[in-house]
Amino acid sequence: MEFQPKASHFINGEYVEDTSGKPIDVVYPATGEVIARLHSATPAIVNQALNAAKTAQSAWAALSGTERGRILRRAADIMRERNRELSIIETYDTGKPLQETLVADATSGADALEYFGGLAASLTGEHIPLGGGDFVYTVREALGVCVGIGAWNYPTQIACWKGAPALACGNTMVFKPSETTPLSALQVAEILVEAGAPKGVYNVVQGYGDVGASLVTDPRVAKVSLTGSVPTGRKVYAAAADGMKHVTMELGGKSPMIVFDDADIENAVSGAILGNFYSSGQVCSNGTRVFVQKGIKEAFLNRLSERLATAKIGDPLDEDTNFGPMVSENQMNIVLRYIENGKEEGARLIHGGERIDGDGFYLQPTVFADVTDGMTIAREEIFGPVMSVLDFDTEDEVMARANDTEFGLAAGVFTNDLTRAHRIVAGFEAGTCYINSYNLAPVEAPFGGSKMSGVGRENSKLAINHFSEMKTVYVSMNDVEAPF
Ligand code: NAD
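An account of the accompanying structure is given in this report. None of these values were measured; they are calculated from a predicted model.

Here we take up the packing of aromatic side chains. The tally for this structure, following the rule as stated, stands at 9 aromatic pairs. Between Phe10 and Tyr15 the ring centres are 5.1 Å apart and the planes differ by 90°, which places this aromatic pair in the edge-to-face class. Under the relative-accessibility criterion, Tyr15 is labelled buried at 19%. Here the aromatic rings of Trp152 and Phe383 are separated by 5.2 Å at their centres, their planes lie at 70°, and the arrangement is edge-to-face. Pair noted here: Trp152 is in the loop between strand S7 (145-149) and helix H6 (155-168) and Phe383 is in the loop between helix H13 (376-379) and strand S16 (386-392), with a separation of 231 residues, a long-range link. Under the relative-accessibility criterion, Phe383 is labelled buried at 16%. An aromatic cluster of at least three residues, connected via ring pairs, comprises Phe3, Tyr28 and Tyr92. Of note, Lys223 hangs over the ring of Phe467, and the distance from its end group to the ring centre comes to 4.5 Å. The ring of Phe260 has Arg420 sitting right over it, with the charged end atom 3.9 Å from the ring centre.

On to the environment of Gly408. Checked against the element boundaries, Gly408 lands in strand S17 (residues 407-408). Each C-alpha atom of the pair Gly408 and Lys294 lies 25 Å from the other, and the pair is 114 residues apart in sequence. Once you skip the residues sitting within four places of it in the chain, Gly408 turns out to touch Glu429, Ala430, Gly431, Gly449, Ser450, Lys451 and Ser453.

Let us now look at the site of the ligand. In the neighbourhood of the ligand, 28 residues make up the surrounding shell, with Gly150, Glu179, Ser229, Thr232 and Glu381 lying closest. One of the side-chain nitrogen or oxygen atoms of Trp152 is found 2.9 Å away from an oxygen atom of the ligand. In this structure, an oxygen atom belonging to the ligand sits 3.3 Å away from a main-chain N or O atom of Gly228. Across the complex, the protein chains shield 87% of the 850 Å² of accessible surface that the ligand would expose by itself.

Moving on, we come to the environment of Arg307. Relative to the helices and strands, Arg307 is located in helix H11 (residues 297-308). Taking the C-alpha atoms as reference points, Arg307 and Ala185, 122 residues apart in sequence, are found 35 Å from one another. Excluding anything up to four places from it in sequence, Arg307 contacts Glu266, Val269, Ser270 and Ile273. A distance of 2.9 Å separates polar atoms of two side chains, one belonging to Arg307 and the other to Ser270.

Bringing helix H7 (residues 184-194) into the picture now. For H7, the tally of buried residues reaches 8 of 11 residues, placing the bulk of the element in the interior. Of the positions making up H7, those classed as buried are Ser184, Ala185, Leu186, Gln187, Val188, Ala189, Ile191 and Leu192.

A cluster of nonpolar side chains, contributed by Ile128, Leu130 and Tyr474, occupies part of the molecular surface with about 270 Å² of accessible area. The class for Leu130 is partly exposed, based on a relative accessible area of 35%.

With that out of the way, let us pick up H6. With 14 residues, H6 should reach 20 Å at 1.5 Å per residue; the first-to-last C-alpha distance of 20 Å fits that figure. Burial analysis of H6 places 14 of its 14 residues in the buried class, which makes it a mostly covered element. Phi turns positive one or two residues past the end of H6, at Gly170, with a value near 100°.

What follows concerns the nonpolar core. Within the largest apolar cluster, 51 residues are counted, with the highest numbers of intra-cluster contacts made by Met79, Leu113, Phe116, Leu167, Met173, Leu192 and Tyr202. Of all the secondary-structure elements, those providing two or more residues to this core are helix H1 (43-62), helix H2 (65-81), helix H5 (106-119), H6, strand S8 (172-176), H7, strand S9 (202-204) and helix H16 (462-466). Ranked by residues supplied to this core, first place goes to H6 with 8 residues. Residues Phe291, Ile382, Val386 and Ala411 belong to the second largest nonpolar core, which totals 29 residues.

In any sheet, the strands associate via hydrogen bonds between backbone groups, in a parallel or an antiparallel arrangement. Judged by pairing direction, the sheet is mixed, and its 7 strands sit side by side in the order S14-S15-S16-S13-S12-S18-S19 without closing on themselves. For this open sheet the edge positions go to strand S14 (348-351) and strand S19 (432-435), each flanked by a neighbour on one side alone. Going across the sheet, the axis of each strand differs from the next one's by a mean of 20°, ignoring polarity. Of the strand pairs in this sheet, S14 and strand S15 (residues 366-369) are connected by 3 bridges, and their pairing is antiparallel. Counted as the bridge partner of His351 is Val367 from S15. In the packing of helix H14 (residues 395-403) onto the sheet, the strands contacted are strand S12 (256-259), strand S13 (289-293) and S16, and the crossing angle to S16 comes to about 145°.

For the rest of this paragraph, the subject is a negative patch on the surface. Among the surface-exposed residues, Glu344, Glu345, Glu380 and Glu406 lie close enough to one another that they form a single negatively charged patch. For Glu345, a relative accessible area of 35% corresponds to the partly exposed category.

Across all of its chains, the model carries 26 salt bridges by this definition. The partner of Asp370 in a salt bridge is Arg348, and the shortest N-O contact between them spans 2.8 Å. In this pair, Asp370 is assigned in the loop between S15 and H13 and Arg348 in strand S14, connecting sequence segments 22 residues apart. You can call Asp370 partly exposed: its relative accessible area is 28%. Taken together, the salt bridges that share partners define one network made up of Glu266, Arg303, Glu306 and Arg307.

Here we come to the packing of H14 against helix H15 (residues 418-427). For the pair H14 and H15, interaxial distance at closest approach is 10 Å and the crossing angle is 35°. Read as a crossing pair, H14 and H15 show a hand that is right-handed. Contacts from Glu395, Met399 and Asn403 in H14 reach Arg420, Arg423, Ile424 and Gly427 in H15.

Before going further, it helps to spend a moment on the sheet that holds strand S22 (residues 468-475). The strand order S5-S6-S22 describes an open sheet built from 3 strands, whose pairing is antiparallel. The open sheet terminates on both sides in strands that have one partner only, identified here as strand S5 (127-129) and S22. The average angle at which neighbouring strand axes cross in this sheet is 20°, direction not considered. Pairing analysis gives 3 bridges linking S5 to strand S6 (residues 135-142), with the strands arranged antiparallel. Along S6, the bridge assignment pairs Pro129 with Phe135.

Reading the values: the criteria
Residues numbered from 1 in each chain as written. Predicted model: local features only at pLDDT ≥ 70, side-chain atom pairs only at ≥ 80, totals over all residues. Heavy atoms only, no water. Phe/Tyr/Trp six-rings, centres within 6.5 Å; stacked < 30°, edge-to-face > 60°. Buried < 20%, exposed > 50% of the residue type's maximum accessible area, 1.4 Å probe, protein only. Helix = DSSP H or I, 4+ residues; strand = E, 2+ residues; numbered from the N terminus. Lys NZ or Arg CZ within 6 Å of the ring centre and 35° of its normal. Contact = heavy atoms within 4.5 Å. Near = heavy atom within 4 Å. Polar contact = N/O pair within 3.5 Å; in protein donor to acceptor, adjacent residues only side chain to side chain. Areas by Shrake-Rupley, 256 points an atom, 1.4 Å probe, with all protein chains shown as cover. Patch = residues over 30% accessible without salt bridge, like charges linked within 9 Å, V, L, I, M, F, W, Y side chains within 5 Å. Salt bridge = Lys/Arg side-chain N within 4 Å of Asp/Glu carboxyl O. Expected span 1.5 Å × (residues − 1). Core = buried A, V, L, I, M, F, W, Y, C linked by side-chain atoms within 4.5 Å. Pairing = 2+ DSSP bridges. Axes fitted to C-alpha atoms, helices over the stretch in contact; angles between N-to-C directions. Lys, Arg positive; Asp, Glu negative; His and termini not counted. Charge placed at Lys NZ, Arg CZ, Asp CG, Glu CD. Left-handed = near helix turned anticlockwise from the far one by under 90°.

Take a look at the structure:
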């Protein structure tokens, strides 16, 4: 099996290689095979990409919003036409089952391109009348060159969620995918050019953290949007602060999902499955602390076990498979250590808990019950298929415990009591909340975290504010009054 892109980087409208960069082996997680070899960007490649983005920016911003939007919407159409091909590449990159990638990756990337393409023509300032005939008008301007840095769990989606609003506003982008999943963003860059994006508007450079760090500190860069872990976010935010750059930080979580005893159990179990095992649990907003009210605890656990027994674990390219491998051997070993922590700290293992034999990086979907708030598995982000089920008695108690975390990415509640649902959501310290559902992230809705989980929002009209700034123009219709 092989999937070798034409070259490692995509700069100024074409593929570019520099084999003196550190090698990046692309490993197919289902088999452990190396399917492609790329190279990390050298300083010369980083420089070339930033120059291309800088050079292209003013002409791109000078197009009308309608023209920019048309290109983005054309790119969305191409992505949808090629959904299957792109989904297979996403599966090669991540190991996620094709059953998922066919509906969640290129399609959500296309949604972002279409949505922000549609907004591009209506990005305006405002007119502010003042006394005596004076007025102010504001002009929404692009920031300049934006850097996007991606995590490995949604490589196509992240490349588009950052690229689409950036380009809609008239910025150009240099995107660095995760070194674990370098393939998909190259496809996005190719498609944008095919759709008519001028050279240099969207560039991709590969690399490890050092390449990301060199992009963040470069004076040509006006904005950095990172999707990654909290420790990386801290470093990138600090480095960006030195140059007073704009930032968006989409970081990790340890989100609560609360199930009250009046909830529809089947829906709550579905929410817990989606919020813990989709993408083999490698989703930032997962509801990994599932608080279940004592009255339905046994019924919930029994139904969960029955449903988990029907998971189809196997070859991600088989469309019947609905649970695939971990993205890498490293991530699998991190998660295995957490599973050991859970066992050692006295949580009750009720499902899974082991690696699945073979060359691929497969873990069993794992559920611990009787988890208590202080356990490592209840406090730290695991980023794998490990659900912790915790018991609770009262609403006040569970509210306090749900919020007792440094993270604040997402939170969900399952209940049929309407007022309680809204009361709980009002109390959640989290950026993205769900009532009787979990983990849906339509492009129309803001997505992002509070507390240590992030700064800024992706998607929706709000993303425009994070990729543009307002210029204020005061217009005087009167003589200038000076004190002397
Ligand atoms: P990571 O933090 O290890 O890496 C993220 C990216 O940052 C990679 O491209 C990496 O090369 C780069 N990087 C590393 N050090 C850097 C530095 N010093 N300067 C600049 N760039 C640097 O994260 P990961 O393991 O790839 O992804 C998993 C994490 O991402 C989890 O914590 C998960 O919750 C988070 N995540 C968040 C969201 C969200 O939208 N909030 C979405 C997906 C993943």
